[in-house]
Amino acid sequence: MMNPNIEKLHSYPFEKLGNLKAGVTPNEELAHIPLSIGEPKHTPPGFVLETIKKELHTIAQYPMTKGSEPLRESITNWLINRFKLASNSLDPDKHVLPVNGTREALFAFAQAVIDPTKNPLIIAPNPFYQIYEGAAILAGSEIQFLNTTIENDFIPDLDSVDVKTWERCQLIYICSPGNPTGKVLDSNFLTKLIKLADQYDFIIASDECYSELYPDEKNPPVGLLEVCAKTGRSDFKNCVVFHSLSKRSNLPGLRSGFVAGDAKILKQFLRYRTYHGCAMSMPYQLASIAAWNDEIHVKNNRALYRSKFESVLNILDGALEVSQPDASFYLWPKTPIDDQSFAKKLFEQENITVLPGSYLSRTVDGINPGANHVRMALVAELDNCIEAAHRIKRFIESI
Ligand SMILES: Cc1ncc(COP(=O)(O)O)c(C=O)c1O
């Protein structure tokens, strides 16, 4: 006997991609350039690695699920500075909790907050980070997707949701900056969503793990806690944000992030996590403190992405329907042929891997919003990204 919901999990996009590429022989004269996986490739900050080495002896301790006080303090300070919160608005004891990456946290969160006895519904954007769906399925919840397309400027249409659906909704995942669209949801959207959360009593889980990868140093993406603060919502009721060092600090293997917001929810989430057994190892907690306390490496990281977007978009201009995203490291172009054929042929002819957009989305109301798009992660080195852009252009001219 097994949990029957496990059978309901969809195959992961990279499994589908593996099947698509199986049997295809790529052009072997060209080196492979993967643009498919959203794994940061820039060098991790040296001082963080040094901290791990220096603090390795702390592995002798059992870490606390709640995380050490210094870690929660540095996260709190980071949030206050980044989202312009009042210095006394966040209590490190109540409002923040370290997690082993946002993937784990986004999944676990649904397990903790969903009441399976009340015909639950989770709402999520479409296309989406696949964990939202898996989390819903294993929490015993139905999931309803809101299409984000060029036509609605990649913003989930809250007005399209009927009253009955809102009444059933226990949790909504939003992703800003979005994967794969790079769309930043603005204050107006977030304010409207908070009003709905009050009206229908559901929780907003705001996945902000790309929040630090933005093009304009003077215009960082707004966050959910920032909007709470601006609208006088000092208890952050029903609002929880998810942040990570993976993209911000090029530390995807550290598995370090945090959740922050509504103290009542976090108290119960901590209770859940204590049993789940997902405390962050001490050397990694100490390394995370070093990372959250430094912005210089993050600024340098942004500069690298900026130069890649500039070069790549310059080359692709006129060849593909593509534009600079609000933030993140993804391009989400429309494809001139269907997305799977595009990805397959591009691999065959130019030895470049991109992810078919339809692997990241489901068909809703007869529309698959990922179809005829591919996701390209500009994670490779600048030279490789430039080389990839030239090859993509040549490929498009050939079809
Ligand atoms: C939208 C989104 N959320 C969360 C994650 C998980 O990141 P991590 O677990 O490394 O923090 C990713 C990783 O690709 C992502 O794209």
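In this text the structure is predicted, and so the values were computed from the model without any measurement.

(A) Focus on the site of the ligand. If you check the shell around the ligand, you find 14 residues, and the closest are Thr102, Asp207, Ser244, Ser246 and Arg255. A distance of 2.7 Å separates an oxygen atom of the ligand from a polar atom in the side chain of Lys247. In the complex, the protein chains occlude 92% of the 400 Å² of accessible area that the ligand would expose alone. A majority-of-atoms criterion places the ligand in the largest pocket. Sorting the residues of the shell around the ligand by element identifies α5 (102-113) and α10 (245-248) as the ones contributing at least two each.

(B) Spatial organisation of empty space enclosed by the protein. Counted under the stated rule, the structure contains three cavities of 30 Å³ or more. Lining the largest cavity are 16 residues, and of these Pro125, Pro127, Cys175, Gly178 and Thr181 lie nearest its centre. Considering only residue class, the lining of the largest cavity consists of eleven nonpolar, four polar and one charged. Size it by volume and the second largest cavity reaches roughly 60 Å³. What lines the second largest cavity is Leu213, Tyr214, Pro215, Arg302, Tyr305, Arg306, Phe309, Gln324, Pro325, Ala327 and Ser328.

(C) Quick peek at the packing of aromatic side chains. Inspection of every chain in the model, using the stated rule, returns 18 aromatic pairs. Taking 5.6 Å as the distance between ring centres and 40 degrees as the angle between the ring planes, the aromatic pair formed by Tyr305 and Phe329 counts as tilted. Taken as a pair, Tyr305 in helix α13 (residues 296-316) and Phe329 in the loop between α13 and β9 (330-331) lie far apart in primary sequence, 24 residues in all. Considered together, Tyr305 and Phe329 belong to a single accessibility category, that of buried residues. One aromatic cluster is present, formed by Trp78, Phe83, Phe258 and Trp292 through successive ring pairs. The aromatic ring of Phe347 is capped on one face by Lys21, whose charged end is 4.5 Å from the ring centroid.

(D) Layout of the side chain of Glu212. Assignment of secondary structure puts Glu212 in the loop between β6 (203-207) and α9 (224-230). Only 2.9 Å separates the side chain of Glu212 from the side chain of Arg82, close enough to count as a polar contact. If we ignore the near neighbours within four places in the chain, the residues touching Glu212 are Trp78, Arg82, Arg248, Val298 and Arg302.

(E) Summary view of the environment of Ser234. By secondary structure assignment, the location of Ser234 is in the loop between α9 and β7 (239-244). For Ser234, a relative accessible area of 60% translates into the label exposed. Separated by 148 residues in the primary sequence, Ser234 and Ala86 have C-alpha atoms spaced 9.8 Å apart.

(F) Local environment of the layout of surface pockets. Put simply, the largest pocket is a space of about 490 Å³. Lining the largest pocket are 27 residues, and of these Gly38, Arg103, Tyr129, Tyr210 and Lys247 sit closest to its centre. Counting residues per element, the ones that place at least two in the lining of the largest pocket are α2 (13-21), α5 and α10. Of the residues that constitute the lining of the largest pocket, the class distribution is 15 nonpolar, six polar and six charged. One number sums up the size of the second largest pocket: a volume of about 280 Å³. Lining of the second largest pocket is provided by 18 residues; of these, Phe154, Thr181, Ser323, Gln324 and Trp332 occupy positions nearest its centre. Looking at the lining of the second largest pocket, its residues break down into eight nonpolar, five polar and five charged.

What counts and how
- Residues numbered from 1 in each chain as written.
- Predicted model: local features only at pLDDT ≥ 70, side-chain atom pairs only at ≥ 80, totals over all residues.
- Heavy atoms only, no water.
- Near = heavy atom within 4 Å.
- Polar contact = N/O pair within 3.5 Å; in protein donor to acceptor, adjacent residues only side chain to side chain.
- Areas by Shrake-Rupley, 256 points an atom, 1.4 Å probe, with all protein chains shown as cover.
- 1 Å grid on protein atoms, 1.4 Å probe; cavity = no way out; pocket = protein on both sides within 12 Å on 5 of 7 lines; lining within 4 Å.
- Sits in = over half its atoms within 2 Å of the grid points.
- Helix = DSSP H or I, 4+ residues; strand = E, 2+ residues; numbered from the N terminus.
- Points joined across faces, edges and corners; volume = space filled by probe spheres on them.
- Nonpolar A, V, L, I, M, F, W, Y, C, P; charged D, E, K, R; others polar.
- Phe/Tyr/Trp six-rings, centres within 6.5 Å; stacked < 30°, edge-to-face > 60°.
- Buried < 20%, exposed > 50% of the residue type's maximum accessible area, 1.4 Å probe, protein only.
- Lys NZ or Arg CZ within 6 Å of the ring centre and 35° of its normal.
- Contact = heavy atoms within 4.5 Å.

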